[in-house]
Amino acid sequence: MKKEHSQQEHSQQEYSQQEYSQQEPKSSLRRKILFGIGATGAVALVGGGIAFRNLRRSLASFGAEDQKARVPSNAMLWCEIGSNNEITLFIPKTEMGQGIHTALAQIFADELCADWKTITAKQAHSKHGFDPFSTMFSNGSVSVITLYEPARKAAACVREGLAAKAAQMLGVPRSELLVENGVISVKGSEKQQGKQEGKSATKPETKQSLSFGEIVADTKFKLEIPEKADLKPSSEFSLIGKNVKRVDFQDKIAGKAIYGYDARVPNMHYGAVARPPRYGAVLKSANGSEAEKMPGVVKVVIQDGFAGVVATSRTKARAAAKKLVTKWEGGTNVQQEELMNITRIPTKGFADAQVVQERGSAQKNLPEDSYSAEFSTPYAVHAHLEPQAGLVEIKDGKVYVHCSTQGPGLTQMAISSAIDVSTDDITVYPCFMGGGFGRRGGHDAAKEAAILAKASGKPVHVGWNREEEMKYGYYRPPTHHRLQASVDADGRVQALRHLISSGDILFSMGELLYNEWGSRLGDALVATFGADVGTLAGASLVYNTPNMEILYRRADLPITTGSWRGLGLLPNTFARESFMDELAKKAKIDPIEFRLKNLPDDATGKRVKAALQRAAEKSGWKEIPDYGRAKGVALCFSAGTVVVQVAEVSVEEGAIKVHKVHAVVDAGLVINPNGAAAQTLGAITMGLSSTLLEELTFKDGLAEASNFDSYPLLTLPQTPRIEVEFIGGGEKPFGMGEPPIGPIAAAVANAVFALNGQRLRSLPLRLEAEKS
């Protein structure tokens, strides 16, 4: 299979979790668990003694390409079939623009043999029946991976239940029935009907087919759904692998789609909250007398380190919140240089680091004069278009939450802690999200709305503004990398060490949940795993290096960091793939040939080789580029997906300009090619913005940027032509949301080096003239 896409628009390895004996040394076991992450950028928490069942369920599927989601045994929880033939599918994953509602609807509808025109996708709420802590957690590029087989199995059971009832209604054996396009008919009935058309009927014709709607409407026979049913072969797919219209487009185009910021209920009020003057400061006292006098104010809420206002409009609530007189204590006055110093690896950094992946003995095989280089990436914000937003309504002790969230179960927990209500009494209705990128794992706005709703007795909506998002959220952590390697005379890397220093990603969950449970969780993750698995995404070495070490150093930063698209994938790939180019230069070998020479001959290696070779062909790698331009290559292997990118750049008016990006992706079975291409385009564009422009700096303990005027993003005129091609194929889908963001920074940096000899090792990439 080979599919090509322009800018408008997965031989495959079978994966299974390794089982480890209890006798295996803990340090070795921990490393294997951490690099269950390895090739996938995944988190596979296997036991570890963490007594936090709910969150462990969430993390267990975090990026694991062989993981299957926990789904209810009742297959009918996935769908409702009306007598009018309309089918409503209930989707457990949240839609943040990645097209997951469409992809999962395609998978279910195809196995059901439904008519696509009758399908409507609807977001399931947290009490629908899907596990809100795992199945509903949208993260790590694993939504399709984990639900592909469970969704098909559920659909097959529904299909066979319908077919069994149809057999009773038509008076024929199931084996004589054909299920196709929402209709169940007797095999050969169309041919027989054709023969009868020219003859005068002497008796009523026997009904030969039934629509799904007719079957469910019948009251004579009972619809019984089997617990198991055979899946149809991939050769019979009619929707999987095809381009179909997205199920959410019509409502979005018409302005009918409800995002977290759009959520409304009758008698709803608006909330605004006092913010600290520096990160981490705690409210010690507040006076609300002036705020109470402001127009539209219904309630001023001051309690336990919290001060906020409930008013009849958002504008009035924000105006009143500014009148709150507050006193704050603690927090940090940290400056930018201090943050960078905390992240920076000390001279003897290897001695204090934790080994998280190893093969052979890299240290013994690296001479003192071995080649080395260092790379760094800065803090960054998520920059999603829709800031945090949440609506909370409390009725008769029950809490109803409408918000933009990637984890409904985590939202339940955060609100439960905030207002002392059992999670059993909290229902979360996930809304569409105007971008996620890991930031929707935070529950700030919904938690604040819950506090204000409980105190005021009113439904309350809290919507952050851009300044709050920039200054009081959590961020992509800064990183610093040190790499060493030795290359033999044949151009093969004999030993390599990669030390990663990073702020927290998953270790910060305690801070992000803002409660004692979360604090204990963070401590338990540190004690159990030692290394933050999120920071190691994309760090596993795909190259066939006999002596290798990946090491981790935790940068304990006073400014909270967390999940950002791809977790550690972008910074880790930037460092390693830039370094591989430097090694190729040292060995005097073409960068693509150097990578091909150093890949293993296993299934993964073969997939990477095929993608590299296709990228070279597609991009005209060996052709002489236009005058003043050069090309660079980089690759990654994440969530089971291989991505190779070739960037073509020039320097115009002292700045880097990216003209073209050729992306070759092996993501296994691609459910919706247009959707996958859009994911690739979006990831590359976001990665380019981070590569060329984005850097969040801090002064006196607070982010300096407050909006996009001080934190610029890539604009449309700056966006290159991006061409995407899918290769590979197979019977299994792999991850798409995050893998394509991995290689782009290194590809551009490598192209710049090929162009002018400047080796840029820090993001955002700045030429020497720019720095001066």
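Treat the numbers as computed from the prediction; the structure is a model and nothing was measured.

Draft legend 1. A look at the side chain of serine 143. Assignment of secondary structure puts serine 143 in helix H4 (residues 143-170). Non-local contacts of serine 143, meaning those with residues more than four positions away in its chain, are made with Lys93, Ile100, Leu104 and Ser138.

Draft legend 2. Up close: helix H9 (residues 314-321). For H9, the full list of buried residues reads Arg314, Ala317, Ala320 and Ala321. Projected down its long axis, H9 shows its buried positions confined to an angular sector of 130°, all on one face.

Draft legend 3. Main features of the packing of helix H3 (residues 100-112) against H4. Axis separation between H3 and H4 bottoms out at 7 Å; the angle between their running directions is 35°. Handedness of the crossing formed by H3 with H4: right-handed. Residue-level inspection shows Ile100, Ala103, Leu104, Ile107, Phe108, Glu111 and Leu112 of H3 in contact with H4, the latter providing Ser143, Val144, Leu147, Tyr148, Ala151, Arg152, Ala154, Ala155, Ala156, Val158, Arg159 and Leu162. Here the residues of the contact of H3 with H4 are counted per class, giving 15 nonpolar, one polar and three charged.

Draft legend 4. Fine view of the nonpolar core. Counting 101 residues, the largest nonpolar core has Tyr379, Tyr475, Leu612, Ile656, Leu696 and Val748 as its most contacted members. Within the second largest apolar cluster, 50 residues are counted, among which are Ile100, Leu170, Val172 and Leu239.

Draft legend 5. Geometry of the sheet that holds strand E15 (residues 389-395). Strands sit in the order E10-E11-E8-E18-E15-E16-E17 across an open sheet of seven strands; the sheet is mixed. Pairing within the sheet leaves two strands with one partner each, and these edge strands are strand E10 (297-303) and strand E17 (426-430). When strand polarity is set aside, the average angle formed by the axes of neighbouring strands in this sheet is 20°. Where E10 meets strand E11 (residues 306-311), six bridges bridge the pair, whose relative direction is antiparallel. The partner of glutamine 303 across the bridge, within E11, is phenylalanine 306. On the sheet, H9 packs against strand E8 (269-273), E10, E11 and strand E18 (460-463) and is oriented at approximately 30° with respect to E8. With respect to the sheet, helix H13 (residues 444-456) is in contact with E8, E10, E11, E15, strand E16 (398-403) and E18, its orientation differing from that of E15 by roughly 30°.

Draft legend 6. Just the environment of glycine 360, in detail. Residue position: glycine 360 is located in the loop between strand E13 (354-359) and strand E14 (371-377). In sequence terms glycine 360 and threonine 545 are 185 residues apart; their C-alpha atoms lie 8.9 Å from each other. When sequence neighbours within four positions are dropped, the list of residues in contact with glycine 360 reads Pro546 and Asn547.

Draft legend 7. View of the packing of helix H12 (residues 408-419) against H13. Here H12 crosses H13 at 35°, and the two axes come no closer than 9 Å. Pair H12 / H13 crosses with right-handed handedness. Contacts from Thr411, Ala414, Ile415, Ala418 and Ile419 in H12 reach Ala446, Lys447, Ala450, Ile451 and Lys454 in H13. Among the residues making up the contact of H12 with H13, the classes are represented as seven nonpolar, one polar and two charged.

Draft legend 8. The arrangement of the pattern of salt bridges in detail. Considering all chains together, one arrives at 36 salt bridges under this definition. The network of salt bridges with shared partners includes Glu111, Arg152, Arg159, Glu160 and Arg174.

Draft legend 9. Spatial organisation of H13. The terminal C-alpha atoms of H13 lie 18 Å apart, and with 13 residues this matches the ideal 18 Å at 1.5 Å per residue to within 8%. Within H13, 11 of the 13 residues are buried, which leaves the element mostly enclosed by the surrounding structure. For H13, the set of buried residues is Asp444, Ala445, Ala446, Lys447, Glu448, Ala449, Ala450, Ile451, Leu452, Ala453 and Ser456. Trailing H13 by a residue or two, glycine 457 shows a phi angle of about 75°, which is positive.

Draft legend 10. The arrangement of the sheet that holds strand E5 (residues 177-180) in detail. Read across the sheet, three strands follow the order E5-E6-E7 without closing on themselves; strand pairing throughout is antiparallel. If you trace the sheet from one side to the other, it starts and ends with E5 and strand E7 (209-211), each paired once. Pairs of neighbouring strands in the sheet enclose a mean axial angle of 15°, with direction left out of account. With three bridges joining them, strand E6 (residues 183-186) and E7 adopt antiparallel strand pairing. In the strand pairing of E7, valine 183 is matched with serine 211. Together, E5, E6 and E7 form the strand contacts of H4, whose direction differs from that of E5 by roughly 135°.

What counts and how
- Residues numbered from 1 in each chain as written.
- Predicted model: local features only at pLDDT ≥ 70, side-chain atom pairs only at ≥ 80, totals over all residues.
- Heavy atoms only, no water.
- Helix = DSSP H or I, 4+ residues; strand = E, 2+ residues; numbered from the N terminus.
- Contact = heavy atoms within 4.5 Å.
- Buried < 20%, exposed > 50% of the residue type's maximum accessible area, 1.4 Å probe, protein only.
- Arc of directions from axis to C-beta.
- Axes fitted to C-alpha atoms, helices over the stretch in contact; angles between N-to-C directions.
- Left-handed = near helix turned anticlockwise from the far one by under 90°.
- Nonpolar A, V, L, I, M, F, W, Y, C, P; charged D, E, K, R; others polar.
- Core = buried A, V, L, I, M, F, W, Y, C linked by side-chain atoms within 4.5 Å.
- Pairing = 2+ DSSP bridges.
- Salt bridge = Lys/Arg side-chain N within 4 Å of Asp/Glu carboxyl O.
- Expected span 1.5 Å × (residues − 1).

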